Amino acid sequence: MQKDVLVIGGGIAGLQAALELAGAGYPVHLVTDETNLGGKLVDSAKTSSQACVWSDQVNISALYLGGNLHASSTVLGSLITRAYNNPLLSIYTGSKLDELQGDVGHFQATISDVATGKRTQELVVGAVILAAGFSMYDVSQKGEYGYGYHKNVVTSLEFEHLLSESRYRSDCIRRPSDGKCAEKIAFIQCVGSRDVVSKGEYCSAICCMFTAKEAILAKEFAPKTDVTVYYLDLRACGKNFDTFLSRAQELGANYVRTMISEVKEDPVTEKLSINYAAASKPVKEEFDLVVLAAGIRPSTRLQETAGILQIPLNEFGFVQVDELNPVVTKRQGVFSIGGSQGPLDVPETMALASAAAAATARVLGKAEGRPGRKPVPERDVTKEPTRVGVFLCKAGLEAMGAAADAVLQAAKGQGEVSVVESEQSLCQPESIAKIQNLIATQGLNRIVVAPCVLKHNLNLFQEAAQNAGLNRMLVEMPSVPVKDWGNNADKATSAAVALAVRAVADVKDYKPLRWHAEPVVSRALIVGGGISGMATALALADRGFSSTLVEKSAELGGYVRNLTGSLEADNLDRTLEDLQKQVSKSDKIEVLTSSEVVGFTGRQGHFITTVTTRQGQPQKVEHGVVILATGTTTYVPTEYMYGQDPRIITGVEAMYRLADARIPAKGDPTYVFVQCVGSRNEEHKYCSRTCCGETVYAATKIKEQNPDAKVFVLSRDMRTPGYLELKYREARKAGVVFVHYEEAAKPVLVKDSAGDLVMTVIDPQSGITLNLKPDQVILAVAQTASPEAKQLADLFKIQVNSDGFLSETHSNFGTIAFPGGGIFIAGAAHGPKSVVDCLTQAKGVAGRAARILAQPALMMGGMVAEVEWEKCAACLTCVRTCPYTIPQITREKKAMGAAYIPPADCRGCGMCASECPNKAIFVHHYQDDEVLARVKTALTEVG
């Protein structure tokens, strides 16, 4: 069984999967036909492989980030630099797959150069991951919008460039035709999406959010700019997305629900006019700039690559995957992730990447890795004179607008600086090797790297120093302030000089730190026995790891027990039953039902959790990782007379009645669904995500079983992203009537004098008031955070967000882990999710958790607290202060007792040291002399 893996595609999906596999010990070959890593996130036309991702010349586009303002160049930059410097990762840019022969475990792959067509590599790999990304719809095919001949009609990506250039070089957003300020900007959504004519019937999933981001950036940069967004449905389906969308509206972006049929230009003023109907009245608006939100299409090389891989494509040209396991293709050992399988937002893309890495590891078995570098003994530098090496990054200085020579000369003038070097891009492998060589040959014992905005690169340079025999904590990489120097080279240079000088002063006082190995308990604790918890346990069992599955109720299944089907999988009850059977048969899974977690201590690799079982007895579980899969609960409505009339039921209750044939009734009954009951309001500001899909499923089933039934769906927006749009279209074809309503004019339900139900709703597009007489009203209610979420968050020392859901590292890029280490999140505990998303995330979580469980030991120590016991008065201040309850009082050092902080357990937060009245506690790397030195140099104003 060959353990190497071929990853095709260098975007975020390919990078994430490759790094996870390399981190688990699998050699990875990453092939991309782009000249750089980063895929569609980087505008490769404007960059070189040596460009700094912090530079404005590198376009980290909102278009490909789903509209998350925090998804900046720093996130992508860390992925890229980690990939280039990972010894198990071989990268082939400007290359493509030419041929693939063989079967899972032993594929023979031929790689060729894109430019010359010459074959360059013959690889033998055990599995293949296709992460080919996507391309954008050619909006010039929609001639009615004038793209290509009206100069002021641009695509979203082109607008991103305009915005980037304006922010650095102007005081307003300037239109392309004549450079005048664009005072009024219109965005037109769904160009090439949800469109039969352009053969893009699906929803592209990312457009609503990247438009929201661009609207926010435009309004923040030029607040007086008039921004209007023309849309069909606002599909802010991800975690925190509705909050983000509200931010655009709060800043003044005007959202108008309508379909735009044409854009005209005034040949004299070059202004653009748009005509549409509002409340049955014609409206004409003029704009300086029109931005077209283009839909996505398969990547240009996908059809060719799929043919070589011998995997089928769907009707739209994307990879055909398994419904419930969307990383699996029709060919064993070949997996698909990201845009190659269709419209996906960033969180789904990252979850699929983790799931594919886990699936690959399962197929290939235990990683063998390759022989690593021979460990270099660490030098004892405590008696050496200080010798500082300063390494300046030209790309970073250029991004700041600073003069490299001036910074270099300033660094040379600092005391105890032995070497000053500048390289075009310090995070490249060649530069890393040069730093290591100079450490060895010049006897450097302190290192400064500047300037760099990618904080994760500090770990890269620390590892480089460690591999050269220098303690990793003797490296300083100053944080670059995110600010605008107004294109003033003198100010930028002064700021860069100050950063370098301050870093040199700080690093001189750094002391070596020590780590030690602590054993890992190769068992997982999984809290929550729904589909996410069960799928995680089974995935770990497939990798050979045991787990304890704790469920508070008497049976496994969670929320999905309430569902009989969904738009993604018609037989959810069968899926759930299969999972339950597999769990009960597995000898690797201990199931504790009617049980609750009541105590938790320990550290990553060795936690101890107390569980109260159904017998009421406490049971101690030792484990190396924690997976929280506590799911959601269903909101109980007080609206629309729910609970006062049996004809008013929830969507879950409707599922039961569909299953046992109580609905639809015979004849021509009327069913009215009401969406967003308890969602997207002041109490629950988020979208519950699954409700629209469940309603479309139930409404379609009613029409299938009784075509004479009248079915109405009243919604603010129908949120059916991706291929779910096709199901929404089928429902309309079947005769389901969808009527929008505004938040300020919600439907009103009353009883008339005869006791019949009357639902009144105003259609905002036509202005017509509809009076419906339903036989059954079905409420699509919110999914809310589980009541135990806050209690568990306090117990496990993690956070919940304002909506009550567990708060992960990053809502887009770090959706399955918490900052503390060893604790993961799966499924709807993170926020409302579909069944497929839950299953996908569960597999990804299992893969990440397995990386910890597979290690015999973890290195602990470093920046941790230590007690000077002779100063300790055993006053218990540290015991009461520590948020992780780690300090303990022991009499081993002196009879009266003294505090002891186990270095393996300490999180290094420093609260005990700051509160100790006798100053008997210090944190390594933050001792008084080190902190005071940093304070002194930090008083120098930067910028």
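Below is a summary of the structure that appears in this document. (Residues numbered from 1 in each chain as written. Predicted model: local features only at pLDDT ≥ 70, side-chain atom pairs only at ≥ 80, totals over all residues. Heavy atoms only, no water.)

## Remarks on the overall build of the chain
The cut-off we apply is this: The numbering of helices and of strands both runs from the N terminus, where a helix is a DSSP run of H or I of at least 4 residues and a strand a run of E of at least 2. In this setup the radius of gyration rests on C-alpha atoms only. A globule is expected at 2.2 Å times the number of residues raised to 0.38. Exposure is judged per residue with a 1.4 Å probe applied to protein chains only, and the accessible area is read against the type maximum: over 50% gives exposed, under 20% gives buried, and values in between give partly exposed. By definition, residues are in contact when any of their heavy atoms lie within 4.5 Å. Here the Shrake-Rupley method, with its probe set to 1.4 Å, supplies the accessible areas, and only the displayed protein chains count as covering residues.
Helix and strand content of the chain: 22 helices and 48 strands. Relative to the compact-globule value of 30 Å for 943 residues, the chain shows a C-alpha radius of gyration of 30 Å, a close match. Dimensions of the chain, computed from the C-alpha atoms along their principal axes, are close to 95 × 80 × 60 Å. Within the chain, the proportion of its 943 residues that are buried is 57%. When contacts within the chain are restricted to residue pairs at least 6 apart in sequence, long-range pairs at least 24 apart make up 70% of them. Accessible surface for the chain amounts to roughly 38600 Å². Of this, 50% is attributable to carbon and sulfur atoms.

## Digging into helix α16 (residues 691–705)
What counts is decided by this rule: Every helix has an expected span of 1.5 Å times one less than the residues it contains.
Relative to the 21 Å expected for 15 residues at 1.5 Å per residue, α16 spans 21 Å between its end C-alpha atoms, a close match to the ideal helical length. Counting buried positions along α16 gives 12 out of 15 residues, so the element sits mostly inside the fold. If you check which residues of α16 are buried, you get C691, C692, G693, E694, T695, V696, Y697, A698, A699, T700, I702 and K703. Where α16 is buried, its residues meet α15 (651–659), β33 (670–677), β34 (710–715), α17 (724–734), β35 (737–740) and β39 (776–781).

## Let's talk about empty space enclosed by the protein
Quick reminder of the rule: Grid points spaced at 1 Å over the protein atoms alone were grouped into cavities, where a 1.4 Å probe fits but cannot get out, and pockets, open sets with protein on both sides within 12 Å along at least five of seven lines, with lining residues defined by an atom within 4 Å of a point. Grid points are joined across faces, edges and corners, and a volume is the space filled by probe spheres set on the points. For this scheme, ten residues count as nonpolar: Ala, Val, Leu, Ile, Met, Phe, Trp, Tyr, Cys and Pro. Four count as charged, namely Asp, Glu, Lys and Arg, and the remainder, Gly too, count as polar.
All chains considered together, the criterion is met by 7 cavities of 30 Å³ or more. In this structure, the second largest cavity occupies an estimated 130 Å³ of space. The set of elements that each furnish at least two residues to the lining of the second largest cavity consists of α15, β33, α16 and β39. Among the residues making up the lining of the second largest cavity, the classes are represented as 10 nonpolar, 4 polar and 1 charged.

## Focus on the sheet that holds strand β24 (residues 523–527)
Definition in use: When DSSP finds two or more bridges between a pair of strands, those strands are recorded as paired. In this description, a line fitted to the C-alpha atoms serves as the axis of each element, helices being fitted only across the stretch in contact, and the angle between N-to-C directions of two axes falls anywhere from 0 to 180 degrees.
Read from one edge of the open sheet, 5 strands run β26-β25-β24-β30-β43, paired in parallel fashion. The open sheet is flanked by β26 (589–592) and β43 (823–825), the only strands paired with a single partner. Between one strand and the next, the sheet's axes are offset by a mean angle of 20 degrees, whatever the strand orientation. Packing against the sheet, helix α19 (residues 835–853) makes contact with β24, β30 (625–628) and β43, and its axis sits at approximately 170 degrees to β43.

## Re unusual backbone geometry
A450 connects to P451 through a cis peptide bond whose omega is -15 degrees. With respect to the helices and strands, P451 occurs in the loop between β21 (446–450) and α11 (457–467). Put simply, I663 and P664 share a cis peptide bond, and its omega is 5 degrees. Structurally, the position occupied by P664 is in the loop between α15 and β33. With a phi angle near 65 degrees, A661 is a residue other than glycine that sits in the positive phi range. Position of A661 among the secondary structure elements: in the loop between α15 and β33.

## So, the pattern of salt bridges
Note the cut-off: Counted as salt bridges are all cases of a side-chain nitrogen of Lys or Arg within 4 Å of a carboxyl oxygen of Asp or Glu.
Within this structure, the stated rule accounts for 45 salt bridges. For the salt bridge of K142 with E144, the shortest nitrogen-to-oxygen distance reads 3.5 Å. Under the relative-accessibility criterion, K142 is labelled buried at 12%. By relative accessible area, which is 32% here, E144 ends up partly exposed. Of the charged contacts, one joins D668 and K710 as a salt bridge, the two residues approaching to 3.5 Å between their closest N and O atoms. In this pair, D668 is assigned in the loop between α15 and β33 and K710 in strand β34, connecting sequence segments 42 residues apart. Relative accessible area serves as the criterion here: at 38%, K710 is assigned to the partly exposed category. Each of R194, D233, R235, D242, R257, R680, D717, R719 and E725 takes part in salt bridges that share partners, so that together they form one network.

## Regarding the pairing of β30
Here β30 shows two buried faces, one formed by V625 and I627 and the other by V626 and L628. Sheet analysis places β24 next to β30, joined by 4 bridges and oriented parallel. The partner of V527 across the bridge, within β30, is L628.

## Focus: the packing of helix α7 (residues 346–364) against α19
Two quantities define a packed helix pair, namely the angle between the helix axes and the distance between the axes. Rules: Angular relationships are summarised with four words: roughly parallel below 35 degrees, roughly antiparallel beyond 145, roughly perpendicular across 65 to 115, and oblique for the angles in between. Crossings are classed by handedness, with left-handed meaning an anticlockwise turn of the near helix from the far one by less than a right angle and right-handed meaning a clockwise turn.
α19 packs onto α7 with a crossing angle of 55 degrees between their chain directions and a minimal axis gap of 7 Å. In terms of axis orientation, α7 runs oblique to α19. By crossing handedness, the relation of α7 to α19 is classed as left-handed. Between α7 and α19, the residues in contact are E348, A351, L352, S354, A355 and A358 and D837, T840, K843, G844, G847 and R848, respectively. When the residues that make up the contact of α7 with α19 are grouped by side-chain class, the tally is 4 nonpolar, 4 polar and 4 charged.

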